[in-house]
Amino acid sequence: MAYVVTEGCINCKQMDCVEVCPVDCFREGPNMLVIDPNECVDCTLCVPACPEKAIFRDGDVPVEQHQFVALNEEMAEVWELIDEKGDVPADASDWSGRVGKFEFLQR
Amino acid sequence: MNQTEPLNIPTYQKEDFASDQTPRWCPGCGDYSILAQLQRVMPAIAEQTQTPRENMVFISGIGCSSRFPYYMNTYGFHSIHGRAPTLALGLQVSRPELMTWVVTGDGDALSIGGNHLMHCLRRNLNVKILLFNNRIYGLTKGQYSPTSELGKRTKSSPLGSVARPLNPLSIALASQATFVARAVDRDPKLLQDVITQAALHKGSAIVEIYQNCNIFNDGAFAHVSERKSRDDNTLKLQHGEPLVFGRQRDKAVVLNEQLQPRVVATSEISESDLLIHDTSRDNSGLTYALSQLQYPEFPVPVGIFRALKAPTYEERVHQQVNEAKRQKPATALQQLLDSGETWRVAE
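Rules used in this analysis
- Position numbers for residues count from 1 along each chain, tracking the sequence in the order it is written.
- Here the convention is simple: chains get letters from A, ligands get numbers from 1, in the order in which they are written.
- At least 70 in pLDDT is required for a residue's local features to be given in this predicted model, at least 80 for side-chain atom pairs to be given and counted, and no such filter applies to totals for whole chains, interfaces and linings, which use all residues.
- The secondary structure listing takes helices from DSSP runs of H or I that are at least 4 residues long and strands from runs of E that are at least 2 residues long, numbered from the N terminus.
- Every radius of gyration here is taken over C-alpha atoms, with the globule rule written as 2.2 Å times N^0.38, N being the number of residues.
- Buried means a residue has 20 or more other C-beta atoms within 10 Å of its own C-beta, exposed means 12 or fewer, and partly exposed covers the counts in between; C-beta atoms are placed from the backbone.
- Our contact criterion uses C-beta atoms placed from the backbone: two residues qualify when those atoms are within 7 Å.
- For two strands to be treated as a pair, DSSP must find no fewer than two bridges joining them.
- Only the stretch in contact is used when a helix axis is fitted, and all axes are lines through C-alpha atoms; the angle between N-to-C directions ranges over 0 to 180 degrees.
- Gly falls in the polar group here, along with every residue not listed as nonpolar (Ala, Val, Leu, Ile, Met, Phe, Trp, Tyr, Cys, Pro) or charged (Asp, Glu, Lys, Arg).
- Structurally, a nonpolar core is described as a collection of buried Ala, Val, Leu, Ile, Met, Phe, Trp, Tyr and Cys residues joined by way of C-beta atoms within 7 Å.
- By definition here, a helix of n residues has an expected span of 1.5 Å times n minus one.
- The seven residues ending at a residue and the seven starting there each receive a fitted axis; the angle between those axes is the bend at that residue.
- Should an angle lie under 35 degrees it is considered roughly parallel, over 145 roughly antiparallel, and from 65 to 115 roughly perpendicular; all remaining angles are considered oblique.
- The crossing is said to be left-handed when, going from far helix to near helix, the turn is anticlockwise and less than a right angle, and right-handed when the turn is clockwise.

Some points on the overall build of chain B
So, point 1. Counting secondary structure elements, chain B contains 12 helices and 11 strands.
So, point 2. The globule rule puts the C-alpha radius of gyration for 347 residues at 20 Å, and the 23 Å found for chain B is close to it.
So, point 3. Overall, chain B is about 80 × 55 × 50 Å in size when its C-alpha atoms are taken along their principal axes.
So, point 4. A buried classification covers 42% of the 347 residues belonging to chain B.
So, point 5. Look at the contacts in chain B between residues 6 or more apart in sequence, and 66% of them connect residues 24 or more apart.

Thoughts on the overall build of chain A
So, point 1. Tallying secondary structure elements over chain A gives 4 helices and 5 strands in all.
So, point 2. The order of α-helices and β-strands along chain A, N terminus first, is β-α-β-β-α-β-α-β-α.
So, point 3. In terms of overall dimensions, chain A is globule-like: its C-alpha atoms have a radius of gyration of 12 Å, near the 13 Å expected for 107 residues.
So, point 4. The principal-axis extents of the C-alpha atoms in chain A amount to approximately 30 × 30 × 25 Å.
So, point 5. Within chain A, the fraction of its 107 residues that count as buried is 37%.
So, point 6. A fraction of 80% describes how many contacts in chain A between residues 6 or more apart in sequence connect residues 24 or more apart.

Examining the sheet that holds strand 2 (residues 75-78) of chain B
All names here are of chain B.
So, point 1. The strand order across the open sheet built from 8 strands is 2-1-3-4-6-5-11-7, with neighbouring strands paired in mixed fashion. The strands lining the two open edges of the sheet, one partner per strand, are strand 2 and strand 7 (234-237). Going from strand to strand, the sheet's axes swing by 20° on average, the running direction of each strand aside.

Here we look at the interface of chain B and chain A
So, point 1. Counting from both sides, the interface comprises 14 residues of chain B and, opposite them, 12 residues of chain A.
So, point 2. Per-element accounting of the side of chain B that touches chain A gives the leading share, 4 residues, to helix 1 (residues 30-49) of chain B.
So, point 3. Its residues assigned to classes, the side of chain B that touches chain A shows 7 nonpolar, 4 polar and 3 charged.

Some remarks on the packing of helix 3 (residues 84-94) of chain B against helix 5 (residues 114-123) of chain B
Residues and elements named next belong to chain B.
So, point 1. Running from amino to carboxyl end, helix 3 crosses helix 5 at an angle of 35°, the nearest separation of the two axes being 8 Å. In this structure, helix 3 contributes P85, T86, A88 and L89 to the contact, and helix 5 contributes H116, L117 and C120.
So, point 2. Among the residues forming the contact of helix 3 with helix 5, the class breakdown is 5 nonpolar, 2 polar and no charged.

Digging into the sheet that holds strand 2 (residues 26-28) of chain A
Residues and elements named next belong to chain A.
So, point 1. Taken in spatial order, the 3 strands of this open sheet run 3-2-5, and their pairing is antiparallel. Only two strands of the sheet have a single partner each, and these edge strands are strand 3 (33-35) and strand 5 (80-81).
So, point 2. In terms of strand pairing, strand 2 meets strand 3 through 3 bridges, oriented antiparallel. When the sheet's bridge partners are listed, E28 is paired in strand 3 with L33.

Digging into the pairing of strand 3 (residues 99-105) of chain B
Residues and elements named next belong to chain B.
So, point 1. Of all the 7 residues making up strand 3, 7 are buried; the element is thus mostly covered by neighbouring parts of the structure.
So, point 2. Residues of strand 3 alternate between two faces, with M99, W101, V103 and G105 on one and T100, V102 and T104 on the opposite face, all of them buried.
So, point 3. Pairing of strand 1 (residues 56-60) with strand 3, which is carried by 5 bridges, proceeds in the parallel orientation. Paired with F58 across the bridge in strand 3 is W101.

Let's talk about the pairing of strand 6 (residues 205-210) of chain B
Residue and element names in this part refer to chain B.
So, point 1. Of all 6 residues that make up strand 6, 6 are buried, and the element is covered over most of its length.
So, point 2. By the alternation rule, side chains of strand 6 split into A205, V207 and I209 and I206, E208 and Y210, which are all buried.
So, point 3. Note: strand 4 (residues 127-133) against strand 6, 6 bridges, orientation parallel. Bridging from a neighbouring strand, L131 pairs with E208 of strand 6.
So, point 4. The pairing of strand 5 (residues 179-184) with strand 6 spans 6 bridges and is parallel.

A short note on the nonpolar core
In summary, soluble globular proteins display a tendency toward joint burial of nonpolar side chains.
So, point 1. In this structure, A:V5, A:I35, B:I206 and B:V207 are the most contacted members of the largest nonpolar core, which totals 106 residues.
So, point 2. Per element, the largest residue contribution to this core is 8 residues, and it comes from helix 1 of chain B.
So, point 3. The residues contacting A:I35, other than those within four sequence positions of it, are A:A2, A:Y3, A:V4, A:V5, A:C25, A:F26, A:C40, A:N72 and A:A76.

Quick word on the environment of B:Y144
Residue and element names in this part refer to chain B.
So, point 1. Inspection of the secondary structure assignment puts Y144 in the loop between strand 4 and helix 6 (168-174).
So, point 2. It is 24 Å that separates the C-alpha atoms of Y144 and P301, two residues lying 157 residues apart in sequence.
So, point 3. Here Y144 is in contact with K152, T154, S156, S157 and S161, once residues within four sequence places are set aside.

Regarding helix 1 of chain B
Residue and element names in this part refer to chain B.
So, point 1. For helix 1, spanning 20 residues, the distance from its first C-alpha to its last is 27 Å, which sits close to the expected 28 Å at 1.5 Å a residue.
So, point 2. The largest bend along helix 1 reaches roughly 40° and is located at M42, with the proline P43 sitting one to four residues downstream.
So, point 3. Q50 lies just past helix 1 and shows a positive phi near 50°.

What about the packing of helix 1 of chain B against helix 7 (residues 188-200) of chain B?
All names here are of chain B.
So, point 1. Viewed as axis vectors pointing N to C, helix 1 and helix 7 meet at an angle of 40°, and their least axial separation amounts to 9 Å. By the angle between their axes, helix 1 is oblique relative to helix 7. Crossing of helix 1 over helix 7 shows right-handed handedness. Facing helix 1, whose interface residues are S33, I34, Q37, L38, R40, V41, A44, I45, Q48 and T49, helix 7 presents P188, L191, Q192, I195, T196, A199 and L200.

Comments concerning the environment of A:I55
Residues and elements named next belong to chain A.
So, point 1. With respect to the secondary-structure elements, I55 resides in strand 4 (residues 55-57).
So, point 2. Between the C-alpha atoms of I55 and G29, which are 26 residues apart in sequence, the distance is 16 Å.
So, point 3. Excluding residues that lie within four positions of it along the chain, I55 makes contacts with Y3, V4, V5, C17, C46, V47 and C50.

Considerations on unusual backbone geometry
So, point 1. Of the consecutive residues B:Y295 and B:P296, the connecting peptide bond is found in the cis state with omega at 10°.
So, point 2. Relative to the assigned elements, B:P296 resides in the loop between helix 10 (285-291) and strand 11 (300-307).
So, point 3. Not every positive phi belongs to a glycine, and A:N11 is a case in point at roughly 65°.
So, point 4. Classification of A:N11 as buried rests on a count of 20 C-beta atoms within 10 Å.
So, point 5. At B:Q176, a position not held by glycine, the phi torsion is positive, near 65°.
So, point 6. Tracing the sequence through the fold places B:Q176 in the loop between helix 6 and strand 5.
So, point 7. Owing to 18 C-beta atoms within 10 Å, B:Q176 belongs among the partly exposed residues under this scheme.

Okay, structure coming up:
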């Protein structure tokens, strides 16, 4: 039980989710955010906040994005907590809506 | 109660306590955090108390908080407004082996149910009461509640509330509750710890949980929940530890000559002048004074205020019944009916 950030976040990283999360469960990587599944309380607030529609309930993650469930869990242990929106990448709009971004993920 | 054989308790996971219902609160509600933290600690509570899931009951009244039993994979009642403690009492007396929880809110517990809450606490029924305090009526869309602050503008107090707020923990202490604590929805570690200690307590345990209603009273507890300010605005009560707080732990709550609390810098006083927190204090004077500390003049105390050992209501009931049975062995019902004063009505 937790929500999961998927491919849509890669290189877009709008961080509106961070502003609304009541329990500060987002972790920040170089070009993507993840949710710490041990901190998420399933409040659903981040889902409509994400302009890229990149956040899903773990049971509803599209089949082709299932790898992100494990990725969120793994990187939550590594990446640092983020509780304030930072600077959005300058080329975010170029990456918006693109598929097959997994290969561009930086760890 | 008469269970002597050890039960074979399965090893539970957090998921075992989640029902098949999808929680329905407003997105971002503090209730999600309380539910999640409770489900996270339930496996350990089940193990430590040797209570199987089927011996756990969650009883609620009316309000947003009272949707709770639907989401727990245990037994539960969504009962009538303010009356959850009465159902808990009947159940716990007849089935003392159960672990009974009451989930309530500031409206349910302190308005319509204020009377029942007080008597449940004074009786020391073995029940764990989680009081979600969001200082507003959420389910009915934003009217002032018994804990709304003076001057609070709501739909039912457009010019500001003219009633002073109740302090749930002061009432609990005055009602002689044997376990009294406060936690915050956005501090998961504190919430998990306090819930666990409440569950392990034998007797009436009440936990006031500051819960953010992000729709009708957003930010009511921001001073104690924001990561940046909470260390400076809360006093974490720990048994045997001094009443020291602040990010640098450089401030203390002490009593002056008139026994009134005040905040001092720790550098201004000697270590022997620090007050040491004692949850086993039966005389409630200092504990009551702690419950009255209000932000911004004082830090908000969180954690366990009081934890006392005392016989429970159901223990006393069963002891009395058993003693009466011992002194006067069971008699046939007809014999009993014929035994007292009887008379014949003239025709």
